[in-house]
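Chain by chain, the residues:
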Amino acid sequence: PKAQLLAGVKLMLTAGPTREALDPVRFISNHSSGKMGFALAAAAKQLGADVTLVSGPVTLITPVGVTRVNVESAAQMHAAVMQEIAQQHIFIACAAVADYAPKVVSEHKIKKTQRDEMIIELTKNPDIVAEVAALTSKPFTVGFAAETQDLAHYAQDKLKRKKLDMIAANNVAALGQGFNSDNNALTVFWPNGHTELPLADKHQLATHLITLIAEKYHDTHRA
Ligand code: PMT
C-alpha cells in the first residue's frame, strides 16, 4: 500500500483558465487545459489528502474522491477560494488566472462599427495566491510561475513578492510542455533551495511535486 503522506490533510487547488466576459458572447481567456492542476489533485488524493479542486472551464473528468467547485471568472475563483480557505492546510495555485478583466461588461453584444480600431479598458483582478499567503493563519502556500524568459529570476521574484512557501516554475514558450501539453518540466523554488523536476508526463510530474510539497509541509510543522 502507498504511504499516506497526506492523510488527514486538507488541500485546496486552483486549476484551468479563467474567462473574463466582454459581453454575453465574448470573453478573454488563455490556453490552460487544467491537465497540470487535475493531475496534482489526483496525486494529492492518492497520498490521502482531503482535496478541493476549484476549476475554471475545462473538459476534464474530476479525479475520483476529489470535491470540485466550478467557476468561470477570476472574481468567482477568488470568492470560491476565500470561502473555504480557513479550513485548508495546503493551497496550490495552478490556475492560469487572468491578471486583468474588462472594466465594463456590456449587457448586450458589442456591435461592429465604422471604425477600424476598438479600445477595451481592463482593470486588475484580485491576486488569489498572494491574498491567501497574506492571511494571518495561512496554509502552506504553493504558487506556479508561467514564464517565457528569465525563468529563475521571475519565479524567485514571485516567491518573495507574494510571500509563498514554494513556487513551481515552467517555461511556457518551450515546445511540448506547459499550456495544454500532456508533458511538463518544472523548476521548484523555496526560500532556501530549489530542485529540477525534468520533462515528464503531467501525472508523473504531479506525483513528484506533491511528494515534495508534502515533505516541505511536514518540515515546517516539525520546525
Ligand atoms: O492547465 P495546463 O494546460 O495543464 O497548463 C499548466 C499551466 C502552464 C497553466 C501551469 O503549469 C501554470 O503555470 N499555472 C500558472 C499559470 C499562471 O497564471 O502563472 P502566472 O505566473 O501568471 O501567475 C503566478 C501565480 O499567481 C500562479 O500561481 C497563479 O495561479 C497565481 N495568480 C495569478 C493571478 C491572479 N489574479 N491570481 C492568482 O492566484
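Remember, predicted model here, so these are calculated numbers, not experimental data. (Residues numbered from 1 in each chain as written. Predicted model: local features only at pLDDT ≥ 70, side-chain atom pairs only at ≥ 80, totals over all residues.)

> Quick rundown of the site of the ligand? Include the residues and the values.
Around the ligand sit 29 residues in total, of which Ser33, Lys35, Met36, Ala93 and Ile128 are the nearest. If you list the elements that add at least two residues to the shell around the ligand, you get helix H1 (35-46), helix H3 (128-133) and strand S9 (140-147). (Near = placed C-beta within 6 Å. Helix = DSSP H or I, 4+ residues; strand = E, 2+ residues; numbered from the N terminus.)

> So what about the sheet that holds strand S11 (residues 183-190)? Which residues, and what values?
In spatial order, the strands read S5-S4-S1-S6-S9-S10-S11-S12; together these eight strands make up an open sheet with mixed pairing. Each edge of the sheet is formed by a strand with only one pairing partner; in this case those strands are strand S5 (67-70) and strand S12 (193-201). Direction aside, the axes of adjacent strands within the sheet are offset by 15° on average. Note: S9 against strand S10 (residues 166-171), six bridges, orientation parallel. Bridge pairing in S10 places Ala145 opposite Ala169. Where H1 meets the sheet, it contacts strand S1 (10-15), strand S4 (50-55), strand S6 (90-93) and S11, and its direction lies at approximately 165° from that of S1. Lying on the sheet, helix H5 (residues 202-222) is in contact with S6, S9, S10, S11 and S12; it crosses S12 at an angle near 155°. (Pairing = 2+ DSSP bridges. Axes fitted to C-alpha atoms, helices over the stretch in contact; angles between N-to-C directions. Contact = placed C-beta atoms within 7 Å.)

> Could you give an account of the UniProt feature "binding site: CTP" (unreviewed entry) in the chain, with specific residues and numbers?
UniProt marks Asp99, Lys109, Pro126, Asp127, Ile128, Val129, Phe144, Lys158 and Lys162 with the feature "binding site: CTP" (unreviewed entry), using the numbering shown here. These annotated residues cover 64 residues of sequence, and their C-alpha atoms sit far apart, with the largest distance between any two at 37.3 Å. Tracing the chain through its elements places Pro126 in the loop between strand S8 (122-124) and H3. Not counting residues up to four positions away in its chain, the partners in contact with Pro126 are Ala74, His78 and Glu131. Mapping Val129 onto the fold places it in helix H3. Apart from the residues within four sequence positions on either side, Val129 is in contact with Ala93, Thr141, Gly143, Lys162 and Leu164. (UniProt positions renumbered as here; feature names shortened; annotations may be inferred.)

> Before we move on, could you go through H1 and cite the residues and values that matter?
Think of an α-helix as turning once every 3.6 residues; residues three or four places apart then point the same way. Given a rise of 1.5 Å per residue, twelve residues ought to cover 16 Å, and the 16 Å separating the end C-alpha atoms of H1 matches this to within 8%. Of all twelve residues in H1, eleven are buried, a share of seventy percent or more. For H1, the set of buried residues is Lys35, Met36, Gly37, Phe38, Ala39, Leu40, Ala41, Ala42, Ala43, Ala44 and Lys45. Where H1 is buried, its residues touch S1, S4, S6, S11 and H5. Immediately beyond the C-terminal end of H1, within one or two residues, lies Gly48, with a positive phi of roughly 95°. (Expected span 1.5 Å × (residues − 1). Buried ≥ 20, exposed ≤ 12 C-beta atoms within 10 Å, placed from the backbone.)

> Can you tell me about the nonpolar core, naming the residues and giving the values?
In terms of nonpolar packing, the biggest core is built from 59 residues, with Leu40, Ala44 and Ile167 touching the most fellow members. At eight residues, H1 tops the list of elements feeding residues into this core. Dropping the residues within four chain positions of it, Leu40 is found in contact with Leu13, Ile92, Cys94, Ala206, Leu209 and Ile210. (Core = buried A, V, L, I, M, F, W, Y, C linked by C-beta atoms within 7 Å.)

> Any chance you could break down the environment of Glu72 for me, citing the residues and the numbers?
Structurally, the position occupied by Glu72 is in the loop between S5 and helix H2 (74-84). With 98 residues separating them along the chain, Glu72 and Asn170 place their C-alpha atoms 24 Å apart.

> Which residues make up the packing of H1 against H5, and what values go with them?
As a packed pair, H1 and H5 sit with axes 8 Å apart at the nearest point and diverge in direction by 55°. In terms of their interaxial angle, H1 and H5 are classed as oblique. In the crossing of H1 with H5, the sense of the turn from one axis to the other is right-handed. Taking contact as the criterion, the partners of Lys35, Met36, Ala39, Leu40, Ala42, Ala43 and Ala44 in H1 are, on H5, Lys202, His203, Ala206, Thr207, Leu209 and Ile210. A breakdown of the residues in the contact of H1 with H5 according to their chemical character gives nine nonpolar, two polar and two charged. (Parallel < 35°, antiparallel > 145°, perpendicular 65-115°, else oblique. Left-handed = near helix turned anticlockwise from the far one by under 90°. Nonpolar A, V, L, I, M, F, W, Y, C, P; charged D, E, K, R; others polar.)

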